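Fold and geometry: a report
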Amino acid sequence: MFKGILIDKIDDNYTVVLQDIDESVLPEGDVDIDVMYSTLNYKDGLAITGKSPVVRRFPMVPGIDLVGTVTRSSSEKFSTGDEVLLNGFGVGEVHCGGLAQKARLKSDWLINLPSGISPENAMAIGTAGYTAMLCVIALENNGVTPESGEILVTGANGGVGSFAITILSKLGYKVVASTGRMNESDYLTKLGASDVIDRNTLSEPGKPMTRERWAGAVDSVGSHTLANICASTKYGGTVAACGLAQGMDFPASVAPFILRGITLKGIDSVMRPIADRVEAWERLATILTQDDFTDISTVIGLDQVIQTAGQLLEGKVRGRVVVDVAKG
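Residues numbered from 1 in each chain as written. Predicted model: local features only at pLDDT ≥ 70, side-chain atom pairs only at ≥ 80, totals over all residues. Heavy atoms only, no water.

**Section: empty space enclosed by the protein**
In this approach a probe as big as a water molecule rolls over the atoms, and the regions it shows empty are the leftover space. Applying the stated criterion across every chain yields a total of 1 cavity of 30 Å³ or more. In terms of lining residues, the largest cavity is bounded by L85, L86, N87, W109, L110, I111, R277 and W281. Among the elements of the structure, strand 5 (83-87) and helix 7 (274-287) are those that each provide at least two residues to the lining of the largest cavity. It is strand 5 that provides the largest number of residues to the lining of the largest cavity, a total of 3 residues. Residues of the lining of the largest cavity, tallied by class, amount to 6 nonpolar, 1 polar and 1 charged. (1 Å grid on protein atoms, 1.4 Å probe; cavity = no way out; pocket = protein on both sides within 12 Å on 5 of 7 lines; lining within 4 Å. Points joined across faces, edges and corners; volume = space filled by probe spheres on them. Helix = DSSP H or I, 4+ residues; strand = E, 2+ residues; numbered from the N terminus. Nonpolar A, V, L, I, M, F, W, Y, C, P; charged D, E, K, R; others polar.)

**Brief notes about the sheet that holds strand 10 (residues 195-198)**
Pairing in this open sheet of 6 strands is parallel, and the strands run 10-9-8-11-12-13 from one edge to the other. A strand with exactly one partner marks an edge of an open sheet, and here the two such strands are strand 10 and strand 13 (263-266). Sheet twist, expressed as the mean angle between neighbouring strand axes with direction ignored, is 20°. Where strand 8 (residues 151-153) lies against strand 9 (residues 175-179), 3 bridges are found, and the strand directions are parallel. (Pairing = 2+ DSSP bridges. Axes fitted to C-alpha atoms, helices over the stretch in contact; angles between N-to-C directions.)

**Some points on the packing of aromatic side chains**
Evaluated as defined, the whole model comprises 4 aromatic pairs. Here the aromatic rings of Y130 and W281 are separated by 6.4 Å at their centres, their planes lie at 15°, and the arrangement is stacked. You can see Y130 sitting in helix 2 (residues 119-141) and its partner W281 sitting in helix 7, a full 151 residues away along the chain. Judged by relative accessible area, Y130 falls into the buried class, the value being 0%. (Phe/Tyr/Trp six-rings, centres within 6.5 Å; stacked < 30°, edge-to-face > 60°. Buried < 20%, exposed > 50% of the residue type's maximum accessible area, 1.4 Å probe, protein only.)

**Re a nonpolar patch on the surface**
Taken together, the side chains of V254, I258 and L259 present a nonpolar region at the surface, about 330 Å² in accessible area. Take L259: it is sitting in helix 6 (residues 255-259). (Patch = residues over 30% accessible without salt bridge, like charges linked within 9 Å, V, L, I, M, F, W, Y side chains within 5 Å. Areas by Shrake-Rupley, 256 points an atom, 1.4 Å probe, with all protein chains shown as cover. Salt bridge = Lys/Arg side-chain N within 4 Å of Asp/Glu carboxyl O.)

**Thoughts on the nonpolar core**
Ranked by internal contacts, the top residues of the largest apolar core, which has 50 residues, are I165, I167, L168, L188 and W281. Contributing elements (two or more residues each) for this core: helix 2, strand 8, helix 3 (159-170), strand 9, helix 4 (185-191), strand 11 (214-219) and helix 7. At 14 residues, helix 2 tops the list of elements feeding residues into this core. Excluding its chain neighbours within four sequence positions, the residues that come into contact with I165 are V153, A156, V175, A177, L188, L191, G192 and A193. Judged by nonpolar contacts, the second largest core, of 42 residues, contains V31, L46, V61 and L312. (Core = buried A, V, L, I, M, F, W, Y, C linked by side-chain atoms within 4.5 Å. Contact = heavy atoms within 4.5 Å.)

**Let's talk about the packing of helix 1 (residues 42-49) against helix 8 (residues 305-313)**
Taken N-terminus to C-terminus, the directions of helix 1 and helix 8 make an angle of 115°; their axes are 8 Å apart at the nearest point. In this structure, the crossing between helix 1 and helix 8 has a hand that is left-handed. From helix 1, Y42, G45, L46, I48 and T49 reach across to helix 8, where they touch V305, I306, A309, G310, L312 and L313. Taken together, the residues of the contact of helix 1 with helix 8 break down into 8 nonpolar, 3 polar and no charged. (Left-handed = near helix turned anticlockwise from the far one by under 90°.)

Structure, rendered in structure tokens:
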């Protein structure tokens, strides 16, 4: 038996409980892991609160991220004692995830914890920071450099936004943060934003094209916000889209694409090939330092997960939440 968050659904009765879980609940996998840390992402919040049908198999341990130590492996890729991490691959949705003290996973989903990143910091980064790094790599690959001009980051107080600001500023980019919490401007400036704007300037229906401003953008919001970003992106610029906090719709025009040659690059972190994951995590290990985690993350125990998940969806959580599964 081990402690964890367990989601179940019988008829229309959706339950989420911190409880002792029998190992028989764990699905098939060739690697067993003692989980050290997990984290709370927006998708985890949706799964735990039941506000979106994220979970597609029951009972389910949520948690799309984890880091831990291998205790059994029938794979040649990993040995007992290895420290490994996981992001995505449907874990926490169709395969039991990281918000418990044990996990059983497929070795094809795992990578070794990079040297230079502690287990706790790996989950401070989590899918959010890893996604932010994928976005930055996409901008770089499309020729967006610090000399190109301002980079916009939306959803700036969230996990992806916080890490995108930190990474971009450390690489020398001039970053503008868009947020619905202007009272957090000092936090965003401390992360590296040179300017902070109210998200309302982007969230309403706009024109097909407006004055060119952004050399690039990292957007986790979607809908009208993403359409307005594209409308104001400079000639040849790139927008990395990785989220849909405002909505899945894209009420835009083709004008910025055919008249300004901009690129809209979709960023998927869930099924990303292992080589891309390794590249992103190795870059994170070289860019981030211990000081970068001081203001960007907080640590909670399993007993605080359910309450914090609701606060996350209400926009009351800043930065990243690390879950120490040994607590609670």
